[in-house]
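A structural walkthrough
Each chain, written out:
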Amino acid sequence: MEAPVAPHVPGESGTSLRITVHSPDQMLELGRRLAKLLRAGDLVMLNGELGAGKTTLTRGLGEGLGVRGAVTSPTFVIARVHPPLGEGPPLVHVDAYRLGGGLDEMEDLDLDVSLPDSVIVVEWGEGKVEELTDDRLNVVIHRAVGDTTDEVRHVSVTGLGERWGSVELGVLSA
């Protein structure tokens, strides 16, 4: 992974970091590094085009958190819970792609109940889960679109709220 373009920039929108990832293995490693920063009560929103690497990043998070079960896309089941193998928090992995809008439609998932004790990762969560908490990590993965085999991804990580105000995101690009 290349050095961040904008390491740990405090501001109104929180702290931000941009990282260039060149392969799925590097995306997995980014997920493992990010897991070291996460704790129970954290909400991570993942956004990006189809095939951008959201589930690959989440697989790395699962490895880094030490959770049970293979982390795969929950597109058709909407959500999967991966219990911890040790002392860490469970990982709740949600794919909101097929859900229309707002937290109301996601109410049956009880994310508000799970949040204090879990790390919740929501793919396609923008505009749907922000009401859960003011403290969240927003990850946007950009990739070339169209007929391409380009594996380069540009990942923007923004920490919002008090929780992320003092977290050094620069460790993600180490």
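As shown above, the structure is provided for reference.
Residues numbered from 1 in each chain as written. Predicted model: local features only at pLDDT ≥ 70, side-chain atom pairs only at ≥ 80, totals over all residues. Heavy atoms only, no water.

The secondary structure content of the protein chain amounts to five helices and seven strands. Ordered by position from the N terminus, the helices and strands of the protein chain form the series β-α-β-α-β-β-α-α-β-β-β-α. Of all 174 residues assigned to the protein chain, the portion counted as buried reaches 47%. Within the protein chain, contacts between residues separated by at least 24 positions form 64% of all contacts whose residues are at least 6 apart in sequence. (Helix = DSSP H or I, 4+ residues; strand = E, 2+ residues; numbered from the N terminus. Buried < 20%, exposed > 50% of the residue type's maximum accessible area, 1.4 Å probe, protein only. Contact = heavy atoms within 4.5 Å.)

Turning our attention to the pattern of salt bridges. Within this structure, the stated rule accounts for four salt bridges. Salt-bridge contacts for Glu 29 lead to Arg 32; the nearest nitrogen and oxygen are separated by 2.9 Å. Of this pair, Glu 29 and Arg 32 are both found in helix 1 (residues 24–35), three residues apart, which corresponds to roughly one turn of the helix. Classification of Glu 29 as partly exposed rests on a relative accessible area of 27%. (Salt bridge = Lys/Arg side-chain N within 4 Å of Asp/Glu carboxyl O.)

Taking 1.5 Å of rise per residue, 12 residues should cover 16 Å, and helix 1 covers 17 Å from first to last C-alpha, within 8% of that figure. Within helix 1, burial applies to Met 27, Leu 28, Leu 30, Gly 31, Arg 33, Leu 34 and Ala 35. In this structure, the buried side of helix 1 is in contact with strand 1 (15–21), helix 2 (54–65), strand 6 (136–143) and strand 7 (153–160). (Expected span 1.5 Å × (residues − 1).)

Sheets are built from strands that pair by backbone hydrogen bonding, the pairs being arranged parallel or antiparallel. Spatially, the seven strands line up as an open sheet ordered 1-7-6-2-5-4-3, and their pairing is mixed. Among the strands making up the open sheet, the edge pair consists of strand 1 and strand 3 (79–82). Ignoring strand direction, the axes of neighbouring strands in this sheet form an average angle of 15°. Direction of pairing for strand 2 (residues 43–48) relative to strand 6: parallel, over a ladder of five bridges. Each bridged residue has a counterpart across the sheet, and for Leu 46 the counterpart in strand 6 is Val 139. Its contacts with the sheet place helix 1 against strand 1, strand 6 and strand 7, and it is angled at close to 150° to strand 1. In this fold helix 2 packs onto strand 2, strand 4 (91–95), strand 5 (119–123) and strand 6, with an angle of close to 170° to the strand it touches most, strand 5. (Pairing = 2+ DSSP bridges. Axes fitted to C-alpha atoms, helices over the stretch in contact; angles between N-to-C directions.)

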